[in-house]
Amino acid sequence: MHDDRTLVESRLKRVLEERILPAVYPESVPLEVGIWTAPGEPVPVAEGLAAPRTPIAVGDAWGAPWGTSWLTVSGTVPQAWAGRTVEALIDLGFDANMPGFQCEGLVYRPDGSPVKGLNPRNQWVRIAAPAAGGEQVLLHVEAAANPVILDYHPFLPTELGDKETSGDRPQYKLARMDLAVFDDTVWQLSLDLEVLGELMAELPVDGARRWEVLRAVERALDAIDLQDVNGTAAAARSELTAVLAAPAVPSAHRISAIGHAHIDSAWLWPLRETVRKVARTTANMTALLEDEPEFRYTMSQAQQYAWIKEHRPEVYARVRKAVAEGRFVPAGGMWVESDTNMPSSEAMARQFVHGKRFFLEEFGVENHEAWLPDTFGFTGGLPQIIRNAGSKWLLTQKISWSQVNRFPHHTFLWEGIDGTRIFTHFPPVDTYNCSMKGSEIAHAARNFKDKGVARHSIAPTGWGDGGGGTTREMVGKAARMRDLEGSATVRWENPAEFFAKAEAEYPDPPVWVGELYLELHRATLTSQAKTKQGNRRSENLLREAELWCSTAALRTGAEQPYAYPYEQLDRIWKTVLLHQFHDILPGSSIAWVHREAEATYAALARELAELIDAAQQALAGSAGGGRELVFNSAPHARSAVPAGGAAVAATDAPAATVTPLDGGGFTLRNGLLEVVVDADGLIGSAVELATGRETVAPGSRANLLQLHPDFPNMWDAWDVDQFYRNTVTDLTGVDSLTATAADGRAEVRIARSFGSSTVVQTLTLRPGEQRLDIDTEVDWHETEKFLKAAFPLDVHTERYAAETQFGHLYRPTHTNTSWDAAKFEACNHRFVHLDEPGWGVALVTASTYGHDVTRSVRADDGGTTTTVRFSLLRAPRFPDPKTDQGLHRFRHALVPGAAIGDAVREGYRIGLPERRVTGTAERVAPLVEVDHDALVVSAVKLADDRSGDLVVRVYEAGGGRARGRLSTSFPLAGAVPCDLLERPWDGTRGEVTVEDGAVHLALRPFELVTLRLSPAR
Ligand SMILES: [Zn+2]
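Residues numbered from 1 in each chain as written. Predicted model: local features only at pLDDT ≥ 70, side-chain atom pairs only at ≥ 80, totals over all residues. Heavy atoms only, no water.

## A look at unusual backbone geometry
Note the following rule: Helix and strand labels come from DSSP, where a helix needs a run of H or I of at least four residues and a strand needs a run of E of at least two; each type is numbered from the N terminus.
In this structure, the amide linkage connecting Ala129 to the following residue, Pro130, adopts the cis form with an omega of 0 degrees. Among the secondary structure elements, Pro130 is positioned in the loop between strand E9 (124-128) and strand E10 (136-144). We note that Asp430 has phi near 60 degrees; this positive angle belongs to a residue other than glycine. For Asp430, the location among the structural elements is in the loop between strand E19 (421-425) and helix H11 (438-447). Here Ala640, not a glycine, exhibits a phi torsion of approximately 65 degrees, which is positive. Here Ala640 shows up in the loop between strand E23 (627-632) and strand E24 (645-647).

This is how it looks when you write it as structure tokens:
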């Protein structure tokens, strides 16, 4: 037989697009439309409904960027349409390719109740089925003129990302505002043909199935009278019945589809718009659940539920009902889908605490999966946190975005730094926006790496990012692929149903140890420095606030009771958690989001400082008592002040000195370190005096600022591409170099200018501290540049440690394999540490997350130089054209002679400054004390159930085993190991015993224990 395959395929494409799809709505009449544009930010629904309208017609422009217009559409269903299905078609000026990235609307009835959302893939509103004829139609649309930021020419700088710069040019033209007859048979035919056409394209050309489908499609096309598609659609469908009924082969891949809209809590839109995005999508999804009995929908991010509850209670009532039916499924159990690289140990824990608790309290649902389809890499600390939150599974597809290496599994056990293993699934469909295209389903089946031992995968299905969710077309296509020869099978299933099946069929999956590093978006560790600092500052202040507020609550007497600020802390935590969303903390949002984040963090800082101050005043006694107490909120004692307590500080260490050098430069000494700052203001030498060991590699100088061009091929705020290193400028020019010694400190101040920017650095040695503090102030006005601070160290090592949640992980200093080489920019929390046996050095940081570590071998002495570089600033122009412009302050420190325990201690110290309060008390005893340095207290707080119990979180921070005693300064009635939600938990594997009124702990490397301590009352 002659091969006419491409001819039939082309015929299908044209007939479907030009004749069948237009025939879904064979008749229409125009609606009357009126408009009112709100003068500024969105208004309450009642105000939008009541505002006067002026007429507007199809073709007219509307919608200044970020504006909101209220449209009223009205009309009458023609009598002739009696008995037929009638829908309103509302096209606000949509581009079908941009659901969620464009204008959107929410339709209301005249009484203000929401009907459904409008987006480019969802323009219809069902009016009647069947119509009686003569119905009056009156609907209102809250239309949001969200501008397109990510265009067909992506990543071009745009001023549209902030309403302060976006101008007032209308963005859209009304395209279609009609009442129309909906022909269900033609619509069903279009889905039959789409599914078969897309299946056919994936089938082997030498297989019989492809040709059977092709001939059936051809017969269907022959059966259509192109001048009467509506009259002949049924006949065409009957030609397809047999090929659609042929069942899948027994070995077919099995896809658990779950309706989804991965809505970014902020990204190319501000937080306030996400509140409305979630309402629109959720209104559509609850409606679709009512129309489609098989359909299931899942939504993560407790914050988004809280938004609907507060702002659109009618939609929330529909959500509650569908959740109770088990068809609208809360997923993930986190407050938001956060970044996981940068949140602190405690913040990462609280993401789960607040997320899971919300679902438990609102719906009585406990999630067991972590749901992070789009997060930019996953730390080695995360498995233990997931397990301690009472969860056991993880889903993400993001690692499929890696530039270089293909991950070897789709279903596997992921082992974290402490040995906790989490059953993990990467959907092989490689997207969280599956739209039930045949190519996606076939890709999932082909791509699945665990064939032969496992058969199930999951497919999150629906328009995400900017929202939209699942469409009725996706549901219709899924139904056709339920059991279809040549295709994977598709069933709507809840995430928990999928995970249970996947676990059962694959009892011994392969294991991946360590972080899940995303080989992309590495610059998200640096972009928008102020957002990152706001996060870190808030995390530190929350630690302090909880510690001192608990101490005050347990300490102050009945005559002066101190009330623990439960509600305030809860609200502040949720705000901090929201801003850890995976496009806010990573710095990949529009300017508006980061401008607001900076203001929000500043307000939180003021509020937390007041809380801390009030608690410390309560503890210190009435002010003016004349004794200055130093409060130490770090987990290690310092200046004779106990960890978590307050005392009069005492040090007898000699003052640091500074001496000028011949030829320029200075030497700083404090009896522990001798640091030489040369005439260029660079650190030529840093010697630990006890050992005589030099820190800086011979022939190199440390604290060298280096400037690289930084223009990635895509995703400007997200990516730094490896070629950035090919070009570098060392910033060695000095404007001024001065030194001072005062209050026991010795300081050198270096001022430089480069490009359009200036930098001032202060290097400080303090008495009794084996640490050189480096304060950097940059007035940054560069474009598409990357600023690094380099520390070439005389250390020979194949690996280095970087702090992560509840411990640290090791990464190679070499590039042996493509996996090693791809990690050319990585994340640390508060320290990077490297050592040779017996001697090491730490670099600690108050707020810098990105770094790189490289090695070279010196020609003259054969020694190894290991260079650590902190990533200070970038200047991408998309999506925020002015990213990071302006004044920045950073604090780092170099700690020669540091063991890993010193790195941990200095890491805490740098973010937790001493606070001095004058009062009558002689000292404030810590609530809890631990007698082992590696057993680190990461949180002290009152129990969220307001029982008055104290919750203390302790982890082993050294990577070894630690046995120690946790004593309390209050009479202890009992101590119970808990999960992160403060529920008694027998999952703790370390030893926890209570003896002689103290808790005895024996923990594994990096093991985390949450203790609920009940004071004797
Ligand atoms: Zn996302």
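And the narrative resumes.
## Some words on the coordination of the zinc ion
Filter applied, for reference: The donor definition counts N, O and S atoms within 2.8 Å of each metal and applies 3.2 Å to Na, K and Ca; water is not among these atoms, so some sites may look incomplete. Irregular is the label for any site that misses the other tests, which are tetrahedral for four donors with all angles between 85 and 135 degrees, and square planar for four donors or octahedral for six when opposite donors exceed 155 degrees and the remaining angles lie between 65 and 115.
Protein coordination at the zinc ion: the donors are His262 (NE2), Asp264 (OD), Asp374 (OD) and His582 (NE2), at 1.9 to 2.1 Å from the metal. Considering all four donor atoms around the zinc ion, the spread of angles at the metal, 91 to 158 degrees, places the coordination shape in the irregular class. In primary sequence terms, the donor set of the zinc ion follows H-x1-D-x109-D-x207-H. Linking Asp374 in the loop between strand E16 (369-371) and helix H10 (382-388) with His582 in the loop between helix H15 (566-578) and helix H16 (591-620), this pair joins segments that are 208 residues apart in sequence.

## Describing the sheet that holds E23
To keep things clear, this is the line we draw: A strand pair is defined by DSSP finding two or more bridges across the two strands. Fitted lines through C-alpha atoms serve as axes, helices being fitted only where they are in contact, and the angles separating the N-to-C directions of these axes extend from 0 to 180 degrees. Contacts are assigned to residue pairs with any non-hydrogen atoms lying within 4.5 Å of each other.
Strands sit in the order E24-E23-E45 across an open sheet of three strands; the sheet is antiparallel. With partners counted over all chains shown, the strands left at the sheet margins are E24 and strand E45 (915-919), one partner each. Each adjacent strand pair in this sheet contributes to an overall mean axis angle of 35 degrees, direction not counted. Inspection of the sheet shows E23 paired to E24 by three bridges, in the antiparallel sense. Paired with Asn632 across the bridge in E24 is Gly645. Packing against the sheet, H16 makes contact with E23 and E45, and its axis sits at approximately 40 degrees to E45.

## Regarding empty space enclosed by the protein
The test is simple: Think of a 1 Å grid over just the protein atoms. A cavity is a set of points where a 1.4 Å probe fits yet cannot get out, a pocket is an open set with protein on both sides within 12 Å along at least five of seven lines, and lining residues have an atom within 4 Å of a point. Grid points are joined across faces, edges and corners, and a volume is the space filled by probe spheres set on the points. Gly counts as polar in this scheme, as do all residues outside two lists: the nonpolar Ala, Val, Leu, Ile, Met, Phe, Trp, Tyr, Cys and Pro, and the charged Asp, Glu, Lys and Arg.
Counted under the stated rule, the structure contains nine cavities of 30 Å³ or more. Empty space within the largest cavity amounts to approximately 200 Å³. Around the largest cavity, the lining comprises 18 residues; the ones closest to its centre are Ser344, Ser345, Glu346, Asn540 and Arg830. Of all the elements in the fold, those that place two or more residues in the lining of the largest cavity are helix H9 (345-363), helix H14 (529-555) and strand E47 (935-942). For the lining of the largest cavity, the leading source of residues is H14, giving six residues. By residue class, the composition of the lining of the largest cavity is six nonpolar, five polar and seven charged. Residue lining of the second largest cavity: 16 residues in total, with Asn341, Phe376, Tyr517, Leu518 and Leu525 positioned closest to the centre.

## Some thoughts on the packing of helix H6 (residues 271-291) against helix H7 (residues 302-311)
As a reminder of what qualifies: Oblique is the label for any angle not under 35 degrees, not over 145, and not in the 65 to 115 range, which are roughly parallel, roughly antiparallel and roughly perpendicular in turn.
Viewed as axis vectors pointing N to C, H6 and H7 meet at an angle of 85 degrees, and their least axial separation amounts to 9 Å. The orientation of H6 with respect to H7, classified from their angle, is roughly perpendicular. Two secondary-structure elements touch here, H6 through Leu271, Thr274, Val275, Val278 and Thr282 and H7 through Gln304, Trp307, Ile308 and His311. Counted by class, the contact of H6 with H7 contains five nonpolar, four polar and no charged residues.

## Thoughts on the side chain of Glu906
Worth spelling out the cut-off: Each polar contact in these results corresponds to two N or O atoms within 3.5 Å; when the atoms are within protein, one needs to be able to donate a hydrogen and the other to accept it, and residues that are neighboring in sequence are counted only if both atoms are side-chain atoms.
Note that Glu906 resides in helix H18 (residues 900-911). Here Arg909 takes part through its side chain, which lies 3.0 Å from a polar atom of the side chain of Glu906. If we skip the residues at most four places from it in the chain, Glu906 touches Glu769, Arg771, Val844 and Val895.

## Observations concerning the layout of surface pockets
Taken as a whole, the second largest pocket spans an internal volume of roughly 920 Å³. Along the wall of the second largest pocket there are 29 residues; nearest its centre are Leu21, Pro120, Arg121, Glu194 and Glu473. At the level of secondary structure, the elements contributing two or more residues to the lining of the second largest pocket comprise strand E12 (176-182), helix H3 (184-202), H11 and helix H12 (472-480). Sort the elements by how many residues they give to the lining of the second largest pocket and H3 lands first, with seven residues. Here the lining of the second largest pocket is composed, by residue class, of 13 nonpolar, seven polar and nine charged.

## Some details on the sheet that holds strand E28 (residues 683-688)
If you trace the five strands from one edge of the open sheet to the other, you get E25-E26-E27-E28-E29, paired in antiparallel fashion. Every other strand in the sheet has two partners, leaving strand E25 (657-660) and strand E29 (693-694) as the edge strands with one partner each. Pairing of strand E26 (residues 666-669) with strand E27 (residues 673-677) involves four bridges; the strand directions are antiparallel. Bridging from a neighbouring strand, Leu668 pairs with Val675 of E27.

## Here's the deal with the pairing of strand E34 (residues 757-765)
Working note: regular strand, side chains alternate between the two faces of the sheet. To keep things clear, this is the line we draw: Only protein chains enter the area calculation, which uses a 1.4 Å probe; residues under 20% of their type maximum are buried, those over 50% are exposed, and those in between are partly exposed.
A large share of E34 lies buried, amounting to seven of its nine residues. As consecutive antiparallel partners, strand E33 (residues 745-754) and E34 are separated by two residues, and within that stretch Gly755 has a phi angle of approximately 50 degrees, a positive value. As paired strands, E34 and strand E35 (residues 772-780) are joined by eight bridges and run antiparallel to one another. Each residue of the ladder has a partner; that of Gln761, found in E35, is Thr776. In sequence, E34 turns back onto E35 through a hairpin of six residues, with Gly768 there showing a positive phi of about 75 degrees.

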